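Structural overview for review
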2 protein chains.
Amino acid sequence: MSRRLEVFGVDGIGEIHAGDDLAALIVDAVEHGPDELVDGDVVVVTQKVVSKAENRLVAIDPDDPHAHRPLVAQESVRILRRRGDLVISETTHGFICANAGIDLSNVARGWAALLPEDSDRSARRIRDALVHRFGIRVGVVVSDTFGRPWRRGVTDVAIGSAGLRPVVDLRGTTDALGRELMVTEVAVADEIASAAELVMGKADGVPVAVVRGVPGDWLGEGSVVGDLVRGSEDDLFR
Amino acid sequence: MSRRLEVFGVDGIGEIHAGDDLAALIVDAVEHGPDELVDGDVVVVTQKVVSKAENRLVAIDPDDPHAHRPLVAQESVRILRRRGDLVISETTHGFICANAGIDLSNVARGWAALLPEDSDRSARRIRDALVHRFGIRVGVVVSDTFGRPWRRGVTDVAIGSAGLRPVVDLRGTTDALGRELMVTEVAVADEIASAAELVMGKADGVPVAVVRGVPGDWLGEGSVVGDLVRGSEDDLFR
């Protein structure tokens, strides 16, 4: 019998404001919702609400189409490409994405949302609150929407995690024919973020989802910045 | 009430051999399995079994660690990067991936599996068989495991599709605050492939999975090569 996964949004989170205790709001929403959390669940939280709760909001001139430019420069350690108003840069965390991940949509007019300062720490805080409240093992992923080279469209990836091994190493295991596997490290945190996006949508206002049914041994130590971000020495496209 | 997704593997497909009617085997496995297909399901099939069934297998010298090199050259239209034995190239389909997607794992020793010649056509064949047999709307995704720049670990992406809009355009819709969304095109076929990978594993021999619960309007016309592959004129990293 193969694995079975359930992915569902957590309703009732509501609009998030600067200073809100996001972890407590998620706990509340779970407690008042139809689904209890169970051991081994992975809770995916979008960057938008994390950035808002952590007050990573910056006032910008709503009539200046280039108002985000100095913010992009401030949040970047390295510019990779520039085309018109689009900048692909490396953020202070080590992420490579458009406009340093700065968000102008789903934010009130005249405001921009920066990425969380330390998105793994953001995930840890939420995880600690969930573990404390419910007394079960859960993983937490903070997700964001990134473009990629070579392929159209955006997908959600993990920018922070806690209680989950972001990359699961299958090295040394053998495939169905007994050969040693060659491609071995699966970025499960990114795949979980993508799966969650399928129930969140972009405009539906569902900022938290649960992915239920991943193998128990995927829960464990690790962080996105430590395990999922590729070092430049190791990268062929920087 | 937010969306709810179920993702599960289809058991009982068994080992695939050259010339097998993969679509018929999937139909059989569904008919003998515990889960019927329902209208709106997306069936994800890994490249490995598609390539085997379509006899995209090539004999190689099992003792030559560089035996795949001429195959990579043959399957590529453009080399982007080379480091040691690793080649990042653009395939004849337009995919950019390692070693032209040629697979040496999960294939018998002494054989390499090339990508399907036309992976969207492969998806269409399977979809046509499923629609013909069950009389419902289903989408089909052919998935493969690609690395990416900047991030460690591999994820599954779509290399072929049928009956599914690979990129869903949210342009013109507004976000929860009534602002027009800026990032609008979501590569749902890739997110569906990633979600399916979470139940397939690499070594478990579950080559087919079902993703149930995507919005009905995601089913429709489109192809991965036509809609998801970014043209080089439009790409900052080629």
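Since we're looking at a predicted model, the values are computed, not measured. (Residues numbered from 1 in each chain as written. Chains lettered and ligands numbered in written order. Predicted model: local features only at pLDDT ≥ 70, side-chain atom pairs only at ≥ 80, totals over all residues. Heavy atoms only, no water.)

Considering the overall build of chain A
In terms of helices and strands, chain A carries six helices and 12 strands. A compact globule built from 238 residues would reach a C-alpha radius of gyration of about 18 Å, and chain A, at 18 Å, matches this within 12%. The long-range share in chain A, meaning contacts at least 24 apart out of those at least 6 apart in sequence, stands at 64%. Element-wise, carbon and sulfur atoms account for 48% of the exposed surface of chain A, whose accessible area totals about 9400 Å². If the 27 positive side-chain charges of chain A are averaged to one point and the 39 negative ones to another, these points end up 6 Å apart. (Helix = DSSP H or I, 4+ residues; strand = E, 2+ residues; numbered from the N terminus. Rg over C-alpha atoms; globule rule 2.2 N^0.38 Å. Contact = heavy atoms within 4.5 Å. Areas by Shrake-Rupley, 256 points an atom, 1.4 Å probe, with all protein chains shown as cover. Lys, Arg positive; Asp, Glu negative; His and termini not counted. Charge placed at Lys NZ, Arg CZ, Asp CG, Glu CD.)

Some remarks on the sheet that holds strand β1 (residues 4-9) of chain B
Across a sheet, paired strands are connected by hydrogen bonds in the backbone, their directions being either parallel or antiparallel. Taken in spatial order, the 10 strands make up an open sheet running β9(A)-β8(A)-β2(A)-β12(A)-β1(A)-β1(B)-β12(B)-β2(B)-β8(B)-β9(B), and their pairing is mixed. Strands at the two margins of the open sheet, each flanked by one partner only, are β9 (155-162) of chain A together with β9 (155-162) of chain B. If you compare each strand with its neighbour and ignore which way they point, the axes differ by 25° on average. This element, helix α5 (residues 188-200) of chain A, spans β1 (4-9), β2 (42-46), β8 (139-146), β9 and β12 (208-212) of chain A together with β1 and β9 of chain B of the sheet and lies at about 120° to β9 of chain A. (Pairing = 2+ DSSP bridges. Axes fitted to C-alpha atoms, helices over the stretch in contact; angles between N-to-C directions.)

Structural notes on the environment of L86 of chain A
You can see L86 of chain A is positioned in strand β5 (residues 86-91). In sequence terms L86 of chain A and N99 of chain A are 13 residues apart; their C-alpha atoms lie 6.5 Å from each other. Ignoring sequence-local partners within four residues, the contact set of L86 of chain A consists of R81, A98 and N99 of chain A together with L236 of chain B.

With respect to the packing of α5 of chain A against helix α5 (residues 188-200) of chain B
Contact geometry of α5 of chain A with α5 of chain B gives a least axis separation of 8 Å together with a crossing angle of 120°. By the angle between their axes, α5 of chain A is oblique relative to α5 of chain B. By crossing handedness, the relation of α5 of chain A to α5 of chain B is classed as left-handed. Residue-level contacts link V188, E191, I192, S194, A195, E197 and L198 of chain A of α5 of chain A to V188, E191, I192, S194, A195, E197 and L198 of chain B of α5 of chain B. When its residues are assigned to classes, the contact of α5 of chain A with α5 of chain B shows eight nonpolar, two polar and four charged. (Parallel < 35°, antiparallel > 145°, perpendicular 65-115°, else oblique. Left-handed = near helix turned anticlockwise from the far one by under 90°. Nonpolar A, V, L, I, M, F, W, Y, C, P; charged D, E, K, R; others polar.)

Quick look at the interface of chain A and chain B
How big an interface is tends to be stated in terms of accessible area lost as the parts join. Each partner contributes residues to the interface: chain A has 83 residues there, and chain B has 82 residues. Contact between chain A and chain B buries roughly 7400 Å² in total, counting both sides, with carbon and sulfur atoms accounting for 55%. Counting across the chain A and chain B interface gives nine salt bridges. With its nearest N and O atoms 2.7 Å apart, the salt bridge here joins D35 of chain A to R4 of chain B. The interface formed by chain A and chain B holds 36 residue pairs in polar contact (both at pLDDT 80 or more) in total. Residue assignment for the side of chain A that touches chain B shows that the elements contributing at least two residues are β1, β4 (76-83), β5, β8, β9, β11 (185-186), α5 and α6 (224-227) of chain A. The dominant element in the side of chain A that touches chain B, judged by the number of residues it contributes, is α5 of chain A, at 10 residues. Pairing analysis gives five bridges linking β1 of chain A to β1 of chain B, with the strands arranged antiparallel. Residue pairing for β1 of chain B: R4 of chain A is matched across the bridge by F8 of chain B. (Buried area = accessible area lost by both parts, 1.4 Å probe. Salt bridge = Lys/Arg side-chain N within 4 Å of Asp/Glu carboxyl O. Polar contact = N/O pair within 3.5 Å; in protein donor to acceptor, adjacent residues only side chain to side chain.)

Some remarks on the relation of the copies chain A and chain B
With an axial shift of 0.0 Å and an RMSD of 0.0 Å, the rotation relating chain A to chain B amounts to 180°. In short, the pair behaves as if placed about a two-fold rotation axis. (Least-squares fit on C-alpha atoms with pLDDT ≥ 70 in both.)

Some remarks on the packing of helix α1 (residues 22-32) of chain A against helix α4 (residues 119-134) of chain A
All names here are of chain A. Running from N to C, α1 and α4 point in directions that differ by 45°, and their axes come no closer than 8 Å. Taken together, the axes of α1 and α4 lie oblique to each other. The two elements α1 and α4 cross, and the hand of that crossing is right-handed. Taking contact as the criterion, the partners of L22, A23, I26, V27, V30 and E31 in α1 are, on α4, R125, I126, A129, L130, R133 and F134.

Things to note about the environment of E117 of chain A
All names here are of chain A. Relative to the elements of secondary structure, E117 occurs in the loop between β7 (111-113) and α4. Separated by 38 residues in the primary sequence, E117 and I79 place their C-alpha atoms 19 Å from one another. Setting aside chain neighbours within four positions, we find E117 in contact with E54, R56 and H93.

Considering the sheet that holds β5 of chain A
Residue and element names in this part refer to chain A. The antiparallel open sheet is built from three strands, whose spatial order is β4-β5-β6. The two strands at the open ends of the sheet, each matched to only one other strand, are β4 and β6 (96-98). Pairs of neighbouring strands in the sheet enclose a mean axial angle of 25°, with direction left out of account.

Considering the pattern of salt bridges
What the rule picks out here adds up to 33 salt bridges over all chains. When the shortest N-O distance is used, the salt bridge between D190 of chain A and R151 of chain B registers 2.7 Å. In this pair, D190 of chain A is assigned in helix α5 and R151 of chain B in the loop between β8 (139-146) and β9, connecting two distinct chains. Between E90 of chain B and R78 of chain B there is a salt bridge, with its nearest N and O atoms 3.9 Å apart. You can see E90 of chain B sitting in strand β5 (residues 86-91) and its partner R78 of chain B sitting in strand β4 (residues 76-83), a full 12 residues away along the chain. Residue classification places E90 of chain B among the buried positions, given a relative accessible area of 13%. (Buried < 20%, exposed > 50% of the residue type's maximum accessible area, 1.4 Å probe, protein only.)

Digging into the domain arrangement of chain A
Residue and element names in this part refer to chain A. Under the domain assignment used here, chain A contains domain 1 (6-55 + 116-229) and domain 2 (57-115). Each of domain 1 and domain 2 has a C-alpha centre, and the two are 23 Å apart. In this complex, domain 1 contributes 15 residues to the contact, which on the side of domain 2 involves 13 residues. Looking at the side of domain 1 facing domain 2, the largest losses of area belong to K48, K52 and F146, adding up to 37% of the total buried there. Linking domain 1 with domain 2 are one salt bridge, by the criterion used here. The residue K48 makes a salt bridge to D103 at a minimum N-O spacing of 2.9 Å. At the boundary of domain 1 with domain 2, the tally comes to six residue pairs in polar contact (both at pLDDT 80 or more). (Domains from an automatic or database assignment.)

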